[in-house]
Amino acid sequence: QVQLVESGGGLVQAGGSLRLSCAASGRTFSRYAMAWFRQAPGKEREFVAAISWSGGNIHYVDSVKGRFTISRDNAKNTVYLQMNSLKPEDTAVYYCAASTVSAIIFLTQARINYWGQGTQVTVSS
């Protein structure tokens, strides 16, 4: 079993920045592709960003390209999501996720092996 614990959420004004962290424990962190998803009130959970085992392959949903950066530090068993130029539509609970997919192009919610509990991000206008 892998435990994922998110932190770093909070309230920020539009145009501001936050950095989310996800600390993993329980199994070998470096063998998992990692991803961030988010769920806004009244909406389905959606994909935000993913990063491969080595960190060499990264993908973002179009709505966050140029604003968000996903990264990982396998020595610290931690994945990050740096969020800049935040918009009110970024308001959501953000979830960290781990997957054993062989390539992040195959990463979908159905392929997620472990989920974190989520951290709230609220962007005011």
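Data block above holds the structure.
So, here is what we can say about the structure in this document. Just so you know, these numbers come straight off a predicted model, no measurement behind them. (Residues numbered from 1 in each chain as written. Predicted model: local features only at pLDDT ≥ 70, side-chain atom pairs only at ≥ 80, totals over all residues. Heavy atoms only, no water.)

1. Considering the overall build of the protein chain
Heads up, the rule is: To qualify as a helix, a DSSP run of H or I must reach at least 4 residues; to qualify as a strand, a run of E must reach at least 2; elements of each kind are numbered from the N terminus. Relative accessible area decides the class of each residue, using a 1.4 Å probe on protein chains only: under 20% of the type maximum gives buried, over 50% gives exposed, and in between gives partly exposed. In this description, contact between two residues means that some pair of their heavy atoms is separated by no more than 4.5 Å. Using the Shrake-Rupley algorithm and a 1.4 Å probe, accessible areas are obtained, with residue cover drawn only from the displayed protein chains. Asp and Glu count as negative and Lys and Arg as positive, but His and the ends of the chain are not part of the count. For the purpose of locating charges, the reference atoms are NZ of Lys, CZ of Arg, CG of Asp and CD of Glu.
If you tally the helices and strands in the protein chain, you get zero helices and eleven strands. Projected onto its principal axes, the C-alpha positions of the protein chain cover 40 × 25 × 25 Å. Among the 125 residues that make up the protein chain, the fraction classed as buried is 43%. Restricting the contact set of the protein chain to residue pairs at least 6 apart, pairs at least 24 apart contribute 59%. Carbon and sulfur atoms make up 46% of the accessible area of the protein chain, which totals about 6,500 Å². Taking the average place of the 12 positive charges on the side chains of the protein chain and the average place of its 7 negative ones, the gap between the two points comes to 7 Å.

2. Focus: the pattern of salt bridges
Put simply, the rule reads: We count a salt bridge whenever a side-chain nitrogen from Lys or Arg sits within 4 Å of a carboxyl oxygen from Asp or Glu.
Under the definition given, this model contains four salt bridges. As a salt-bridge pair, Asp 90 and Arg 67 come within 2.7 Å of each other at their nearest N and O atoms. Of this pair, Asp 90 sits in the loop between strand E8 (78-83) and strand E9 (92-99) while Arg 67 sits in the loop between strand E6 (58-60) and strand E7 (68-73), placing them 23 residues apart in sequence. According to the relative accessible area criterion, Arg 67 is buried, its value standing at 10%. Connected via shared salt-bridge partners are Arg 38, Glu 46, Arg 67 and Asp 90.

3. Regarding the sheet that holds E8
As a reminder of what qualifies: Here, a strand pair is defined by DSSP locating no fewer than two bridges between the strands. Lines fitted to C-alpha atoms define the axes here, with helix axes fitted over just the stretch in contact, and angles between the N-to-C directions of these axes take values from 0 to 180 degrees.
In space, the four strands of this open sheet follow the order E1-E3-E8-E7, with antiparallel pairing throughout. Looking at strand neighbours, the two that pair on one side only are strand E1 (3-7) and E7, the edges of this open sheet. Strand after strand, the sheet turns through a mean of 15° between neighbouring axes, direction not considered. By the bridge criterion, six bridges tie E7 to E8 in an arrangement that is antiparallel. Bridge pairing in E8 links Phe 68 to Met 83.

4. Topic: the packing of aromatic side chains
Heads up, the condition is: When the centres of two rings from Phe, Tyr and Trp lie within 6.5 Å, Trp using its six-membered ring, the rings pair. Their planes under 30 degrees apart give stacked, over 60 give edge-to-face, and anything left gives tilted.
For the coordinates displayed, the defined rule picks out four aromatic pairs. For the pair Tyr 32 and Tyr 114, a centre-to-centre distance of 6.0 Å together with 70° between the ring planes defines the contact as edge-to-face. Here Tyr 32, found in the loop between strand E3 (18-25) and strand E4 (33-39), pairs with Tyr 114, found in strand E10 (residues 112-115); they are 82 residues apart in sequence, far enough to count as distant. Aromatic pair Tyr 95 and Trp 115: ring centres 6.4 Å apart, planes at 90°, arrangement edge-to-face. Within this pair, whereas Tyr 95 is found in strand E9, its partner Trp 115 is found in strand E10, the two being separated by 20 residues in sequence.

5. A word on the nonpolar core
Selection rule: We define the nonpolar core as a collection of buried residues of types Ala, Val, Leu, Ile, Met, Phe, Trp, Tyr and Cys that are connected through side-chain atoms lying within 4.5 Å of one another.
By size, the foremost hydrophobic cluster in this structure holds 30 residues, and its most contacted members are Leu 4, Met 34, Trp 36, Val 79, Leu 81, Met 83 and Tyr 94. Listed by contribution, the elements that provide at least two residues to this core are E3, E4, strand E5 (46-51), E7, E8, E9 and strand E11 (119-124). Every residue in contact with Leu 81, bar those within four places of it in the chain, is listed here: Leu 18, Arg 19, Leu 20, Trp 36, Val 48, Ala 49, Phe 68, Thr 69, Ile 70 and Tyr 94. The next biggest cluster of nonpolar side chains, apart from the first, holds nine residues, and it includes Ala 35, Val 101, Ile 104 and Leu 107.

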